[in-house]
Amino acid sequence: MSTSTPNSATTSGTAPATNQQSFDRARGVLPGGVNSPVRAFGSVGGTPRFYVKASGSYVTDVEGRSYIDLVNSWGPAILGHAHPEVIDAVQQAASRGLGFGASTPAETELAELVRDRISVGGVSPIERLRLVSTGTEATMTAIRLARGATGRRLLVKFAGHYHGHSDGLLAEAGSGLATLSMPGSAGVTAETAAQTLVIEYNNVAALEQVFAEHGHDIAGVIFEAAAANMGVLAPQPGFNETIVRIAHEHGALAISDEVLTGFRVDPAGYWGLDARAAAAANPDAPEARWVPDLFTFGKVIGGGMPLAALGGSARIMELLAPLGPVYQAGTLSGNPVAVAAGLATLRLADDAVYSRLNQVAETLSAETSAALSAEGVEHVVQHAGNLFSFVFSGSEPMNFADVKAQQGYRYAPFFHSMLDSGVSLPPSVFEAWFVSAAHDDGVVSKIVEALPAAAKAAAAASAPQ
């Protein structure tokens, strides 16, 4: 299914290379040959692909082979790659200057757009927004803000939730750490790690216990609105609401990490998706049953450019400098080119886009499940809106321990079979699959055609000795 064309995309005037040559060269100057660990294919083996261009639902590697993309830059390419209107907005912004080290009117426009989108049933929790450059920076700042607001030192997180690579958040962090089988990271001191209390996901009793024992010293609870870094694992009904309630009962803040889910699963993120689902199930109940104190955003908010944000009530957010005592700064915060990409992406992400994302996700998850079932492969389909993944297990997981207990060895042959057929999947069983509005019916059909062979490969896999 993959196509091959002469590759004219080169860097530094060098001749076109193979993926293996590109990887070998990269390992001479980059640790592991990559700038983010999961790209090294450590979980699935083989040679990572080095991409030189992307358009719509396809990416193209240095050898000129094109693949249908189900990674989509880990989420931001919600419209598809290189959407003409987004590219035009970026080019226009770049033509006016790459950065000024000063404020721009577009930053305010983006903040207003986010405020207006994160609103359900008259509840709009984003009164102030601070733009930063990465999701890690957003969560790190949110935690600092929670500690500054409460005067407390401890943080609660859930095993398997990933909130970036700042020191205090790497314990039981899922995602790349799960892929590499690393429980934490060297270089994080015991004193720093001790300030983060890690408890089991979807476990109300554990949450109640940690607050009973440490509530007087807990500044906040940080949680993925729907876990998407140990595969996709949505919260049990009412669990997010319980997090917020218990945190508030003890004077702590609730920080909802929507770096992955924000603006992807719904115009108002997972918070909005949950609120609308609650309203549909019980029209007499208030829509916004749980309202976090702080949100963090990334991925889609930047439209593929380095941009992230944290937001919340004016009371808490205005504790940030220059108004308050909690310091945060960044030379590239609110970069005008990145802001232009984010504005264009969010403005184009209308109801028709979300309808298409949902339709494609439902079709692909169902077809993949059917192919695996036809080969007798135990699995569970995991959904959080249009994010989905598969757990190679006979029972539905509830937490990180359940996810890690799956027959993960089946994923590598499944992955490589799909790649050989021209479909690029996330190179780890611990990652979500991402669709885009550019995945038309023809593209979906090609993916479906590749599934039977991949399911056979998964079925034939043997557990490592």
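Every chain's residues receive numbers from 1 upward, in the order its sequence appears when written. In keeping with the predicted nature of the model, local features appear solely for residues at pLDDT of at least 70, side-chain atom pairs appear and are counted solely at 80 or more, and the whole-chain, interface and lining totals rest on all residues. Side-chain calculation: all heavy atoms of the structure are included, whereas hydrogens and water are not.

## Regarding the nonpolar core
For step 1, the next point in the chain: Counting residues in each nonpolar core, the largest one holds 114 residues, and the members touching the most others are Val 114, Phe 297 and Phe 414.
For step 2, the next point in the chain: Among the elements that take part in this core, helix H11 (residues 336-348) stands out by supplying nine residues, more than any other.
For step 3, the next point in the chain: The contact rule is simple, with two residues in contact once any of their heavy atoms fall within 4.5 Å. Once residues within four sequence positions are removed from consideration, Phe 297 is found in contact with Val 114, Ile 118, Ile 126, Leu 129, Ala 138, Glu 258, Val 259, Gly 262, Phe 263, Ala 308 and Ala 309.
For step 4, the next point in the chain: If you look at the next biggest cluster of nonpolar residues, it comprises 19 residues, including Leu 169, Ala 308, Leu 310 and Leu 320. Residue types Ala, Val, Leu, Ile, Met, Phe, Trp, Tyr and Cys, when buried and joined through side-chain atoms within 4.5 Å, form a set referred to as a nonpolar core. Here the term buried applies to any residue with accessible area under 20% of the maximum for its type, exposed to any over 50%, and partly exposed to those in between, with areas from a 1.4 Å probe on protein chains only. Labels follow the DSSP assignment, with helices taken as runs of H or I lasting at least four residues and strands as runs of E lasting at least two, numbered in each case from the N terminus.

## Section: helix H15 (residues 441-460)
For step 1, the next point in the chain: Multiplying 1.5 Å by the residue count of a helix minus one yields the expected span of that helix. For H15, with 20 residues, the first-to-last C-alpha span of 30 Å sits near the 28 Å given by 1.5 Å per residue.
For step 2, the next point in the chain: Here the bend at a residue means the angle between the axes of two seven-residue stretches, the one that ends at it and the one that starts at it. Along H15, the sharpest kink reaches roughly 35°, centred on Leu 451 and followed within four residues by the proline Pro 452.
For step 3, the next point in the chain: Residues of H15 that are buried: Val 443, Val 444, Ile 447, Ala 450, Leu 451, Ala 454, Ala 455 and Ala 458.
For step 4, the next point in the chain: Elements that come into contact with the buried residues of H15 comprise strand S3 (58-61), strand S4 (65-69), helix H12 (351-374), helix H14 (411-420) and strand S14 (423-424).
For step 5, the next point in the chain: Backbone nitrogen of Gly 442 and a side-chain oxygen of the N-cap are separated by 3.2 Å at the start of H15; the cap is Asp 440. Throughout this description, a polar contact denotes any pair of N or O atoms lying within 3.5 Å of each other; where both atoms belong to protein, one of them has to be capable of donating a hydrogen while the other can accept it, and for residues adjacent in sequence the pair is counted only when both atoms sit in side chains.

## A look at the sheet that holds strand S7 (residues 196-199)
For step 1, the next point in the chain: At least two DSSP bridges between two strands are needed for those strands to be called paired. Pairing in this open sheet of seven strands is mixed, and the strands run S5-S11-S10-S9-S8-S6-S7 from one edge to the other. The sheet is open, and its two borders are formed by strand S5 (128-132) and S7, each paired with just one other strand. The sheet shows a mean angle of 20° between the axes of neighbouring strands, taken without regard to direction.
For step 2, the next point in the chain: Note that S5 and strand S11 (residues 308-312) share five bridges and pair antiparallel. Across the sheet, the residue bridging to Val 132 is Ala 308, located in S11.
For step 3, the next point in the chain: Sitting on the sheet, helix H8 (residues 239-249) touches strand S6 (154-158), strand S8 (218-224) and strand S9 (253-258), and the angle it makes with S8 is about 170°. For helices, the fitted axis covers only the stretch in contact; all axes are lines through C-alpha atoms, and the angles between them, taken along N-to-C directions, range from 0 to 180 degrees.

## So, empty space enclosed by the protein
For step 1, the next point in the chain: Buried and open spaces are told apart on a 1 Å grid over the protein atoms alone, a cavity being a set of points where a 1.4 Å probe fits but cannot get out and a pocket being an open set with protein on both sides within 12 Å along at least five of seven lines. Residues with an atom within 4 Å of a point are the lining residues. Grid points are joined across faces, edges and corners, and a volume is the space filled by probe spheres set on the points. If you walk through the whole model with that rule in mind, you get one cavity of 30 Å³ or more.
For step 2, the next point in the chain: In this structure, the largest cavity occupies an estimated 40 Å³ of space.
For step 3, the next point in the chain: If you trace the largest cavity, you find it lined by Ser 389, Phe 390, Phe 392, Tyr 411, Ser 428, Val 429, Glu 431 and Trp 433.
For step 4, the next point in the chain: The nonpolar class holds Ala, Val, Leu, Ile, Met, Phe, Trp, Tyr, Cys and Pro. Asp, Glu, Lys and Arg form the charged class, and all remaining residues, Gly among them, are polar. In the lining of the largest cavity, the residues fall into five nonpolar, two polar and one charged.

## Here we look at the pairing of strand S10 (residues 294-297)
For step 1, the next point in the chain: Alternating positions in S10 separate into two faces, Leu 294 and Thr 296 on one and Phe 295 and Phe 297 on the other, with burial throughout.
For step 2, the next point in the chain: The pairing of S9 with S10 spans four bridges and is parallel. The partner of Ile 255 across the bridge, within S10, is Leu 294.
For step 3, the next point in the chain: Two strands pair when backbone bridges link them, and S10 and S11 are joined in this way by four bridges, in the antiparallel orientation. Considered in S11, the bridge of Leu 294 is made with Gly 312.

## A few points about the pairing of S8
For step 1, the next point in the chain: Across the seven residues of S8, seven count as buried, placing the element largely inside the fold.
For step 2, the next point in the chain: Inspection of the sheet shows S6 paired to S8 by three bridges, in the parallel sense. Bridge pairing in S8 links Leu 155 to Gly 220.
For step 3, the next point in the chain: Pairing analysis gives five bridges linking S8 to S9, with the strands arranged parallel. The residue of S9 that forms the bridge with Gly 220 is Leu 253.
For step 4, the next point in the chain: Place the viewer so that the strands point away; then a crossover is right-handed whenever the path from the first strand over the helix to the second strand goes clockwise. For the crossover that starts at S8, traverses H8 and ends in the parallel S9, the hand is right-handed.

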